[in-house]
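Residue-level structural notes
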Amino acid sequence: MPYLLLLPGMLWLIIFFILPLVNLAETSTKTRAASQETGEFIQTWRFANYLDAFKEYQPQFTRSFIYALLATLLALAIAYPLAYAIAFKSGKYKNILLILVIAPFFTSFLLRTIAWKQILGAEGPVVFVLRSLHLIGPDTTITATSFAVVMGMTYNFLPFMTLPIYASLDRIDPRLLEASGDLYSNGVTTFRKVTFPLSMPGVVAGTLLTFIPAAGDYVNAAILGNPTTKMIGNVIDSRFFRIVDYPTAAALSFTLMATILILVTIYIRRSGTDELV
Amino acid sequence: MREVSRWFSRNLIRIYAALAFIYLFIPVAYTMAFSFNDSGKRNLIWQGFTLKNWANPCGAPEVCTALGNSLKIGVISTLIATILGTMIAFALGRYNFRGRSSTNLIIFLPMATPEIVLGASLLAMFLNLGINPGFWPTVIAHIMFCISFVVVTVKARVASLDPKLEEAARDLYANEYQTFRRVTFPLVLPGIAAAALLAFSLSFDDFIITNFNSGTVTTFPKFVWISSARGVPAQANVIGSAMFLIALIIVVAGQFAGNARAKRNR
């Protein structure tokens, strides 16, 4: 009985997720065919493709992980107090506030990212005010900087961080917090010894749901960045579509995925949460 | 002065939360405001208030074709992904079987894989098989990445069911089918509805995977992306704002319906 329930969905995932990954792995060691025709590649098991790709795009790799890490930390710093306020300080407005956290999702994220570009752009209100106050020079911009890219990613993944943290905070039995108070610990100690450890599963889930898509993202870098803020996603995208160099794109995709999986595994082990699904 | 600072420190976290909400809503407000902009083709600078974009949301070329494609892809993918995912969720929530941990892994992996890898690998396979990217390849891709999210959402609901309710039904001589139809399914239904809503919004808003697999078919996010090079027309803002309002109404109505039901049952 369980196998019958599993069959169609698992087949779908095996055919359209696992097999493409196998195929991608196979593509990653191909080389350009002698005919030099675009899109023609032959299998030569050239594992050096990985080394070449990594060497050539090492800055973009490093940048992707640094940006993703910064965005994750910033999102955590914004989302944790927000989730805490919704879980413990919102009273009867709790459900409304939760809906408000998800609500921005419903406007296309591309429209919102483009809105940031215009708000922060050279003709936008923020730059105008800062220039009038002489806080920035007449040539300084906010968009087309790494700051704007990280800010955009922080913004786009903020609900992914807030919701799991809220869920784990909301599950905490208020009696535990009372007990901690009764044992003469002050607010800070209660938070450090009781609330925060109990919210760890939410923090782990939230940081993963932010870090993983952020590391592979190229939309924020393309809209809010400049050529020197390119991430690995931008490279994979252009290798695929503009340069039609499937082996390099495949090798880069695999390196990205493997790096993320290794980091995620270490992180989950160290944080001591195992049931993720 | 002391009063003020005390009020401030007591409400610090509320102020912080309010600032976070402002941050969340600045671009939404901007998008909505510029849906009323009396702009030409390039909706970059405020030119004056007008309702004509709302009166004629399909005014920009291609925008409604793209919206229609997004809705079609969203509905088909949501339907199939919700059915397949719910079946898996029941299997995982109800049965112990061999291969459980590998099943869990295959469910988890698509969520831990960056979208660009999902999109690129699927496109590479389609190209190898001689399948041209387009409408159906996009639907296939959307179903693939929605299944995991459906499983996680529905499984949580299945796991939280009180087994006593089903026992009670069986004690009252309901057979397996009746128990499922009258007890289990209605109890899990809110979880399935939430999963479907999630799947639809993931599908509707997806850009990266769609961009890889859609070929010449334009979806709404793809339309925004393509037109962003020259300036997004105000009609796109109208559609974005309208989607926002419609979704908000659905969610709030669902909330009220849930509250009302909870009150009746008390």
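Provided above is the structure to which this section pertains.
Residues numbered from 1 in each chain as written. Chains lettered and ligands numbered in written order. Predicted model: local features only at pLDDT ≥ 70, side-chain atom pairs only at ≥ 80, totals over all residues. Heavy atoms only, no water.

On to the overall build of chain A, then. A count of helical and extended segments in chain A gives 12 helices and two strands. Written out in order from the N terminus, the α and β elements of chain A read α-β-β-α-α-α-α-α-α-α-α-α-α-α. Counting only C-alpha atoms and orienting by the principal axes, one finds that chain A spans roughly 80 × 70 × 30 Å. Residue burial in chain A is summarised as follows: out of 277 residues, 51% are buried. Counted over contacts in chain A with a minimum sequence separation of 6, partners at least 24 positions apart contribute 67%. For chain A, the exposed surface amounts to about 13100 Å²; the carbon and sulfur share of it is 67%. (Helix = DSSP H or I, 4+ residues; strand = E, 2+ residues; numbered from the N terminus. Buried < 20%, exposed > 50% of the residue type's maximum accessible area, 1.4 Å probe, protein only. Contact = heavy atoms within 4.5 Å. Areas by Shrake-Rupley, 256 points an atom, 1.4 Å probe, with all protein chains shown as cover.)

Secondary structure summary: chain B contains 12 helices and zero strands in total. Of the regular secondary structure in chain B, the N- to C-terminal order runs α-α-α-α-α-α-α-α-α-α-α-α. Here the C-alpha atoms of chain B give a radius of gyration of 23 Å, more than 25% beyond the 18 Å that 2.2 N^0.38 yields for 266 residues. In terms of overall dimensions, chain B has C-alpha extents of about 70 × 70 × 35 Å along its principal axes. When each of the 266 residues of chain B is scored for burial, the buried share is 48%. Residue pairs at least 24 apart in sequence account for 70% of intrachain contacts in chain B once pairs closer than 6 positions are excluded. (Rg over C-alpha atoms; globule rule 2.2 N^0.38 Å.)

Bringing the pattern of salt bridges into the picture now. Opposite charge on two side chains makes pairing possible when the charged atoms of those side chains draw close. Residue and element names in this part refer to chain A. One pass over the structure, following the stated rule, counts seven salt bridges over all chains. Where R46 meets D52, a salt bridge forms, and the shortest distance between an N and an O atom there is 2.9 Å. Residue classification places R46 among the partly exposed residues on the basis of a relative accessible area of 32%. With relative accessibility at 36%, the residue D52 sits in the partly exposed group. Notably, a salt bridge pairs D245 with R239, separated by 2.8 Å at the nearest N-O pair. Each member of the pair D245 and R239 is classed as buried. (Salt bridge = Lys/Arg side-chain N within 4 Å of Asp/Glu carboxyl O.)

Defined simply, a disulfide is a covalent bond joining two cysteines at their sulfur atoms. Residues and elements named next belong to chain B. A complete count under the given rule lists one disulfide over all chains for this structure. Here C58 engages in a disulfide with C64; their sulfurs sit 1.9 Å apart. Sign of the S-S torsion, about -85° for the bond between C58 and C64, identifies this disulfide as left-handed. By relative accessible area, C64 is classed as partly exposed at 26%. (Disulfide = S-S within 2.5 Å.)

When the parts come together, some accessible area is lost, and that loss is often what is quoted as the size of the interface. Counting from both sides, the interface comprises 76 residues of chain B and, opposite them, 76 residues of chain A. At the boundary of chain B with chain A, total buried surface from both sides reaches about 7200 Å², with 80% on carbon and sulfur atoms. On the surface where chain B and chain A come into contact, there are zero salt bridges. Taken together, chain B and chain A are joined by 10 residue pairs in polar contact (both at pLDDT 80 or more). Sorting the residues of the side of chain B that touches chain A by element identifies helix 2 (12–33), helix 4 (63–94), helix 5 (100–112), helix 6 (115–128), helix 7 (135–159), helix 10 (208–213), helix 11 (220–228) and helix 12 (234–265) of chain B as the ones contributing at least two each. Looking at the side of chain B that touches chain A element by element, the count peaks at 14 residues for helix 2 of chain B. Tallied by class, the residues present in the side of chain B that touches chain A amount to 59 nonpolar, 13 polar and four charged. (Buried area = accessible area lost by both parts, 1.4 Å probe. Polar contact = N/O pair within 3.5 Å; in protein donor to acceptor, adjacent residues only side chain to side chain. Nonpolar A, V, L, I, M, F, W, Y, C, P; charged D, E, K, R; others polar.)

The next subject is the environment of L69 of chain A. All names here are of chain A. By secondary structure assignment, the location of L69 is in helix 2 (residues 48–89). A relative accessible area of 47% places L69 in the partly exposed class. For the pair L69 and V22, spaced 47 residues apart in the sequence, the C-alpha separation amounts to 29 Å.

The next subject is the packing of aromatic side chains. For the structure shown, the criterion picks out 32 aromatic pairs over all chains. Between F207 of chain B and W225 of chain B, the ring centres sit 4.7 Å apart and the planes meet at 35°, which makes this aromatic pair tilted. Highlighted residues: F207 of chain B in the loop between helix 9 (176–205) and helix 10 and W225 of chain B in helix 11, separated in sequence by 18 residues. Given the relative accessible area of 1%, F207 of chain B is considered buried. With relative accessibility at 22%, the residue W225 of chain B sits in the partly exposed group. Here the aromatic cluster, defined as three or more aromatic residues joined through ring pairs, consists of F41, F240, F241 and Y246 of chain A together with F212 of chain B. (Phe/Tyr/Trp six-rings, centres within 6.5 Å; stacked < 30°, edge-to-face > 60°.)

Moving on, we come to the environment of R264 of chain B. If you trace the backbone, R264 of chain B turns up in helix 12. R264 of chain B gets classed as exposed once you look at its relative accessible area, which sits at 64%.

Counting 153 residues, the largest nonpolar core has L256 of chain A together with M144, I147 and V224 of chain B as the members making the most contacts within it. The element best represented in this core is helix 2 of chain A, accounting for 16 residues. Excluding residues that lie within four positions of it along the chain, L256 of chain A makes contacts with F61, F65, A215, G216, I232 and I236 of chain A together with P114, I116 and V117 of chain B. (Core = buried A, V, L, I, M, F, W, Y, C linked by side-chain atoms within 4.5 Å.)

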